[in-house]
Amino acid sequence: MIGLLVATVSFTLIVVIVLAVLVAVTVLPAYAAVQMADARRFSTTRWFVVAGVTVLAGLLGAYELHKHDVSRGLLLVPLALTWVAPVVLWLLESGQTRIGGRAGLHE
């Protein structure tokens, strides 16, 4: 009986950790990019698309490295790519609308 309880708790913790990591590399970069773009009055649509592309590129890169059986540490490199859009927005100032774009009246 105690073994079943340990297995249930262990499985639940593993699922929670995996879901937290997936949210950290998919949802949070896009959310952070949109919030930062809105705060700087940049185009939120542009930065959502940029964040989506970098998230997909990072996940596909990690998948390809995983398929080729490389070191687990190398998988962190493409996963770090998912945070490129918020990092670029963090480096931009509010007046740099050539890169950041302008928020339209509808945004």
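Residues numbered from 1 in each chain as written. Predicted model: local features only at pLDDT ≥ 70, side-chain atom pairs only at ≥ 80, totals over all residues. Heavy atoms only, no water.

A. Structural context of the overall build of the chain. A tally of helices and strands in the chain yields five helices and zero strands. Going residue by residue from the N terminus, the α and β elements of the chain occur as α-α-α-α-α. In the chain, which comprises 107 residues, the proportion classed as buried is 24%. Long-range contacts, defined here as pairs at least 24 residues apart, represent 70% of the contacts in the chain between residues at least 6 apart. Approximately 7600 Å² of the chain is accessible, and the part contributed by carbon and sulfur atoms is 73%. (Helix = DSSP H or I, 4+ residues; strand = E, 2+ residues; numbered from the N terminus. Buried < 20%, exposed > 50% of the residue type's maximum accessible area, 1.4 Å probe, protein only. Contact = heavy atoms within 4.5 Å. Areas by Shrake-Rupley, 256 points an atom, 1.4 Å probe, with all protein chains shown as cover.)

B. Highlighting helix α2 (residues 44-67). In a regular helix each residue adds 1.5 Å, so 24 residues correspond to 34 Å; α2 covers 34 Å between its end C-alpha atoms and thus fits that length. Those residues of α2 lying buried are Thr44, Trp47, Ala51, Thr54, Val55, Gly58 and Ala62. At the exit of α2 stands Asp69, carrying a positive phi of roughly 55°. (Expected span 1.5 Å × (residues − 1).)

C. A look at helix α4 (residues 84-91). The complete set of buried residues in α4 reads Ala85, Pro86 and Leu89. All buried residues of α4 fall inside an arc of 95° around its axis, so they share one side. Seen from the buried face of α4, the exposed residues on the opposite side, beyond 90 degrees, are Trp90 and Leu91. Contact partners of the buried residues in α4: α1 (2-39) and α2. (Arc of directions from axis to C-beta.)

D. Summary view of unusual backbone geometry. Phi is positive for Arg41, which is not a glycine, with a value near 60°. Tracing the sequence through the fold places Arg41 in the loop between α1 and α2. Classification of Arg41 by relative accessible area gives exposed; the value is 64%. Although it is not a glycine, Asp69 adopts a positive phi angle of roughly 55°. For Asp69, the location among the structural elements is in the loop between α2 and α3 (76-80).

E. Layout of the pattern of salt bridges. Counted according to the given criterion, the structure contains one salt bridge. Between Glu64 and Lys67 there is a salt bridge whose closest N-O contact spans 3.4 Å. Of this pair, Glu64 and Lys67 both sit in helix α2, three residues apart, roughly one helical turn. A relative accessible area of 48% places Lys67 in the partly exposed class. (Salt bridge = Lys/Arg side-chain N within 4 Å of Asp/Glu carboxyl O.)

F. Structural detail: the environment of Val34. Following the sequence through the fold, Val34 ends up in helix α1. For the pair Val34 and Val49, spaced 15 residues apart in sequence, the C-alpha to C-alpha distance is 9.6 Å.

By themselves, these observations are geometric and do not establish any function.
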